[in-house]
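Observations on the three-dimensional arrangement
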Amino acid sequence: MGIDMTIKPLIILPDPVLRQVSTPVETIDADIRRLADDMLETMYDAPGIGLAAIQIGVPKRLLVLDVTKEGEEKQPLVFINPKVVHSSEERSVYEEGCLSIPDYYAEVERPAAITVEYVDREGKEQAVEAEGLLATCLQHEIDHLNGVLFIDYISKLKRDMVIRRFTKAAKTRGAKAI
Ligand code: GNR
Ligand code: NI
């Protein structure tokens, strides 16, 4: 990790940027490694267990994760151009949250285990078999790369309520700024 990492402002619902489909990273250079470092810094500061580049306004297929528990040694992970190549039939349910939808939580059902192919920060092709929280978090982050949010999996009634609440809050923030 770099010594000069920067905490970036998070993009919050209902910002349409969150609905953009991110494009593949072409070359893994110093700029991309710097972006990954800034994302990790921003994620740890929040604090969160994952972050997609689009959440700091960068529409590139890059995500960072650290699902270790408090007190354990940190394990920052960087996934570039990740692709789910296998999903289990078995499902699991987790209560999810999102740094772009602060203080809202809902249960989401997803495949319990997945296999993901990706490129690491050294530019090396990798594959990981994930289950548990890592599988859930990877799917949540990969969804961000496709403009998908966890509220897309809840009922339309609940989703509309959340979007309305955040739209009102954004207007209040805007009014305060004037
Ligand atoms: O910090 C986060 N916690 C979390 C909990 C359950 C399922 C997914 C997540 S990801 C979230 C950070 C985030 O918004 N990543 O995009
Ligand atoms: Ni999220």
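This structure is a prediction, so every number in the text was calculated from the model and none was measured. Sequence positions are assigned chain by chain, starting from 1 and proceeding in written order. The order in which chains are written sets their letters, starting at A; the order in which ligands are written sets their numbers, starting at 1. Whole-chain, interface and lining totals are the exception, using all residues; otherwise, since this is a predicted model, local features are given only for residues with pLDDT of at least 70 and side-chain atom pairs are given and counted only at 80 or more. No hydrogens and no water enter the side-chain calculation; it runs on all heavy atoms of the structure.

**Brief notes about the site of ligand 1**
Summary of the distance rule: residues count as near a molecule or strand when at least one heavy atom falls within 4 Å of that molecule or strand. For ligand 1, the full set of nearby residues is Gly48, Ile49, Gly50, Gln55, Glu95, Glu96, Gly97, Cys98, Leu99, His140, Glu141 and His144. Nitrogen and oxygen atoms within 3.5 Å of one another constitute a polar contact, given that in protein one can donate a hydrogen and the other can accept it, and given that sequence-neighbouring residues count only through two side-chain atoms. Interatomic distance of 2.9 Å between a side-chain N/O atom of His144 and an oxygen atom of ligand 1. The accessible surface values rely on the Shrake-Rupley method and a 1.4 Å probe; as for residues, cover is taken only from the protein chains in view. The protein chains hide 90% of the 390 Å² of surface that ligand 1 would expose on its own. The secondary structure listing takes helices from DSSP runs of H or I that are at least 4 residues long and strands from runs of E that are at least 2 residues long, numbered from the N terminus. Breaking the shell around ligand 1 down by element, the ones donating at least two residues are β4 (91–98) and α2 (132–145). If you tally residues by element for the shell around ligand 1, the top one is β4, at four residues. Under the convention adopted here, Pro, Cys and the residues Ala, Val, Leu, Ile, Met, Phe, Trp and Tyr are nonpolar, Asp, Glu, Lys and Arg are charged, and Gly plus all remaining residues are polar. Along the lines of polarity and charge, the residues of the shell around ligand 1 split into three nonpolar, six polar and three charged.

**Remarks on the coordination of the nickel ion (ligand 2)**
Coordination angles at a metal have ideal targets, namely 109.5 degrees for four tetrahedral donors and 90 or 180 degrees for six octahedral donors. Coordinating donors are taken as N, O and S atoms within 2.8 Å of the metal, stretched to 3.2 Å for Na, K and Ca; because water is absent from the atoms, sites can appear incomplete. Taken together, the protein ligands of the nickel ion (ligand 2) are Cys98 (SG), His140 (NE2) and His144 (NE2), with distances of 2.1 to 2.4 Å. The sequence pattern formed by the donor residues of the nickel ion (ligand 2) is C-x41-H-x3-H. Taken together, the residues Cys98 in strand β4 and His144 in helix α2 connect sequence positions 46 residues apart.

**Description of the nonpolar core**
Residues belong to a common nonpolar core when they are buried Ala, Val, Leu, Ile, Met, Phe, Trp, Tyr or Cys residues joined through side-chain atoms within 4.5 Å. Only protein chains enter the accessibility calculation, which uses a 1.4 Å probe; a residue is then buried when its area is under 20% of its type maximum, exposed when over 50%, and partly exposed in between. Formed by 16 residues in total, the largest nonpolar core has its most connected members in Met39, Leu62, Val64, Val78 and Ile80. Counting residues per element, the ones that place at least two in this core are α1 (30–45), β2 (62–65) and β3 (77–87). Among the elements that take part in this core, α1 stands out by supplying six residues, more than any other. Contacts were defined at the residue level, with two residues in contact if any of their heavy atoms lie within 4.5 Å. Apart from the residues within four sequence positions on either side, Ile80 is in contact with Val25, Ile28, Ile32, Arg61, Leu62, Tyr118, Val119, Asp120 and Arg121. Among the nonpolar cores identified, the runner-up in size contains 15 residues, and Ala52, Phe79, Val116 and Ala130 belong to it.

**Observations concerning the packing of aromatic side chains**
A pair of aromatic rings is counted whenever rings of Phe, Tyr or Trp (Trp by its six-membered ring) have centres within 6.5 Å, and the orientation is called stacked for planes under 30 degrees apart, edge-to-face for over 60 and tilted otherwise. Inspection of the entire model under this criterion finds two aromatic pairs. When the centroid spacing of 6.2 Å and the interplanar angle of 25° are considered together, the rings of Tyr104 and Phe150 count as stacked. You can see Tyr104 sitting in strand β5 (residues 101–111) and its partner Phe150 sitting in the loop between α2 and α3 (156–177), a full 46 residues away along the chain. We classify Tyr104 as buried; its relative accessible area is 12%. Only when the NZ of Lys or the CZ of Arg is both within 6 Å of the ring centre and within 35 degrees of the ring normal is a charge said to sit over the ring. Over the face of the ring belonging to Tyr44 we find Lys74, whose NZ or CZ atom lies 4.9 Å from the ring centre.

**A word on α1**
To estimate how far a helix should extend, the number of its residues minus one is multiplied by 1.5 Å. In a regular helix each residue adds 1.5 Å, so 16 residues correspond to 22 Å; α1 covers 22 Å between its end C-alpha atoms and thus fits that length. Those residues of α1 that sit buried are Ile32, Leu35, Ala36, Asp37, Asp38, Met39, Leu40, Thr42 and Met43. Looking at the buried side of α1, the elements it contacts are β1 (50–52), β2 and β3.

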